[in-house]
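Coordinates in review
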Amino acid sequence: MSSYDVAIIGSGPGGYVAAIRCAQLGMKTAIIEKYGTLGGTCLNVGCIPSKSLLDSSHHYEDAVKHFSEHGIDIPGEIKVNLEQMIARKQGVVDQTCAGVKFLMDKNKIEVFEGLGSFKDATHINIKKNDGKIETIAAKNIIIATGSKPSTLPFIKIDKERIITSTEALELKEIPKHMIIIGGGVIGLELGQVYKRLGAEVTVVEYMDRIIPGMDSALSKELMKVMKKQKVKFALSHKVKSVERKGNEIIVKADDKKGQEIVFKGDYCLVSVGRRPYTDSLNAEAAGVKLDHRGRVAVNDHMQTSASNIYAIGDVVRGAMLAHKAEEEGTMVAEILAGQKPHIDYNLIPGVVYTWPEVAAVGKTEEELKEAGIEYKVGQFPMRALGRSRASMDLDGFVKILADKKTDEVLGVHMIGARCADLIAEAVTAMEFRASAEDISRMSHSHPTYAEAVKEAALAATGDRALHV
Ligand code: FAD
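Residues numbered from 1 in each chain as written. Predicted model: local features only at pLDDT ≥ 70, side-chain atom pairs only at ≥ 80, totals over all residues.

Rule in force here: UniProt positions are given in the numbering used here, feature names are shortened, and annotations may be inferred rather than shown by experiment.
The name given to the chain in an unreviewed UniProt entry is Dihydrolipoyl dehydrogenase, with the source organism recorded as Costertonia aggregata. UniProt annotates the chain under Catalytic activity (unreviewed entry) with the comment "N(6)-[(R)-dihydrolipoyl]-L-lysyl-[protein] + NAD(+) = N(6)-[(R)-lipoyl]-L-lysyl-[protein] + NADH + H(+)". The annotation that UniProt attaches to the chain under Sequence similarities (unreviewed entry) is "Belongs to the class-I pyridine nucleotide-disulfide oxidoreductase family."

Here it is as structure tokens:
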């Protein structure tokens, strides 16, 4: 029987990063993945394919709506070739997954293809595709089995017209009317893809705002912009049934007055969140306990109820984000090597890759109010930037929240062009506990979208923004 210092179950961004870091630190490492490709949800059916389709559909929209304004005339009709768009996306996915396999080989990590389940706390049974079972031994084990789309109890996902994000990345036709249940990140990103390609899109959300976990100013601005893009929203609507009649999908919901509202479309994307995935893991055999929400219960060091078994990523508490899973993977590897790493969860940024992009780090205004912390606000509109006018990306703003007394930056919330990248500056500043004054005194290249961060910092410190 092969034996390892560490074995990792699941090859998503949590698992494969943990494997690389363990190998870098000199551990004999194995990784087990039930699918034929490495990379997990993120690379196969999550971050990478969704961003590929967002980029392709953005190019199409630009070509149709904005090229002529830029002085680019295209003779003839501009058409979507959905088959090619999906094929390009798959090419990007394949290349990225192959990159992970390359990294496993480079770091001499043994890859097992098959379904991993605990035999006991130091042995894993791996069920191969041909039904054969191989058992390996490991001193330490990391559970990185991720998550799967969840649904509502009364909705039957048929994977054809009542679909999850996984199927939405592979559609064979552009929907006429896509009804999206859930106004969170995944629903809005995929909704924007199909809206740009010509579908009518209606988002039905239970809460009274979209992207509910983020600062409410971002929710308002994103909804305003997406409404301009002709996406329809039904907020405070409680979906109570989803029915398919032939190719028609009928969604019934109660609005906030309790009145029944009926939505009819040809596709329904159910994006109501994801559930931790521990099916077939046989966690009990290893003494690994789950919490009340079915997540693997862990302490601050990601250690489970079995002392040599750790868990990371979507399968444990916290934000379901690839970079959070990666940080936890690195942390566990370093703990196993005797180091003392630390993650500041307050500084894990959240991003929505719609256009304009939405990004945030630290506390929201709502959280500061609730905690009774006195703060100052500095906000700067993207439309005041030369860079935004040059690219015609005028929507959005950067908002900095700083402690009223100390001026320490407590939260940065932004919506606008390239905010997914701009947020890194805010994370860096907050990691070093910068004040708004510190940011306001740093030189930002001109013309860039990043100037909005400096201007918002100027606005937060004595209302000194220069360009409004
Ligand atoms: P996963 O990536 O889910 O990987 C778990 C792996 O474990 C899977 O490959 C699974 O097959 C394997 N596995 C499970 N059980 C077993 C078993 N018993 N034996 C062997 N293998 C097993 N996050 C971002 O940060 N940015 C984004 O832009 C973003 N976009 C997203 C878009 C969509 C449409 C979706 C669905 C998600 C997106 N996410 C994004 C979330 C991100 O994909 C997840 O947070 C991330 O993949 C979690 O990583 P993980 O390693 O915990 O698990």
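Overview of the site of the ligand
Quick note on the threshold: Contact assignment follows one rule, namely that a residue is near a molecule or strand if its backbone-placed C-beta atom lies within 6 Å of it. Runs of H or I in DSSP of at least four residues are treated as helices and runs of E of at least two as strands, each being numbered from the N terminus. Three categories are distinguished: nonpolar for Ala, Val, Leu, Ile, Met, Phe, Trp, Tyr, Cys and Pro, charged for Asp, Glu, Lys and Arg, and polar for the others, with Gly belonging to the last.
The immediate surroundings of the ligand are formed by 38 residues, with Gly10, Gly12, Gly40, Gly146 and Gly313 found nearest. Elements supplying a minimum of two residues to the shell around the ligand: α1 (13-24), β2 (29-33), α2 (40-45), α3 (47-66), β4 (115-120) and α8 (322-336). Along the lines of polarity and charge, the residues of the shell around the ligand split into 17 nonpolar, 18 polar and three charged.

Examining the pairing of strand β13 (residues 248-254)
Keep this limit in mind: Each residue is classed by its C-beta neighbour count within 10 Å, where at least 20 other C-beta atoms makes it buried, 12 or fewer makes it exposed, and intermediate counts make it partly exposed; the C-beta atoms are placed from backbone geometry. Two strands are said to pair when DSSP picks up at least two bridges between them.
Here β13 shows one buried face, formed by Ile249, Val251 and Ala253, and one open face, formed by Glu248, Ile250, Lys252 and Asp254. In this sheet, β13 lies alongside strand β12 (residues 238-245) in antiparallel orientation, the contact comprising seven bridges. Bridge assignment links glutamate 243 to a residue of β13, and that residue is isoleucine 250. Here β12 folds back onto β13, and the loop between the two strands holds two residues, one of which, glycine 246, carries a positive phi near 65°. Relative to strand β14 (residues 260-265), β13 runs antiparallel, the two being bridged by six bridges. Counted as the bridge partner of isoleucine 249 is glycine 265 from β14. Once β13 ends, the chain turns through five residues before running back antiparallel as β14, passing glycine 258 with a positive phi of about 85°.

Regarding the sheet that holds strand β8 (residues 162-163)
For clarity, the threshold we go by: Our contact criterion uses C-beta atoms placed from the backbone: two residues qualify when those atoms are within 7 Å. Angular values range over 0 to 180 degrees, each being the angle between N-to-C directions of two axes fitted as lines to C-alpha atoms, with helices fitted over their stretch in contact.
Spatial ordering of the open sheet is given by β8-β15-β9-β10-β11, a layout of five strands whose pairing is parallel. Looking at which strands have only one partner, the edges of the open sheet turn out to be β8 and β11 (232-234). Sheet analysis places β8 next to strand β15 (residues 267-270), joined by two bridges and oriented parallel. When the bridges of β15 are listed, isoleucine 162 appears paired with cysteine 268. Strand contacts of helix α6 (residues 185-196): β9 (177-181), β10 (200-204) and β15, with the helix running at about 165° to β10, the strand carrying the most contacts.

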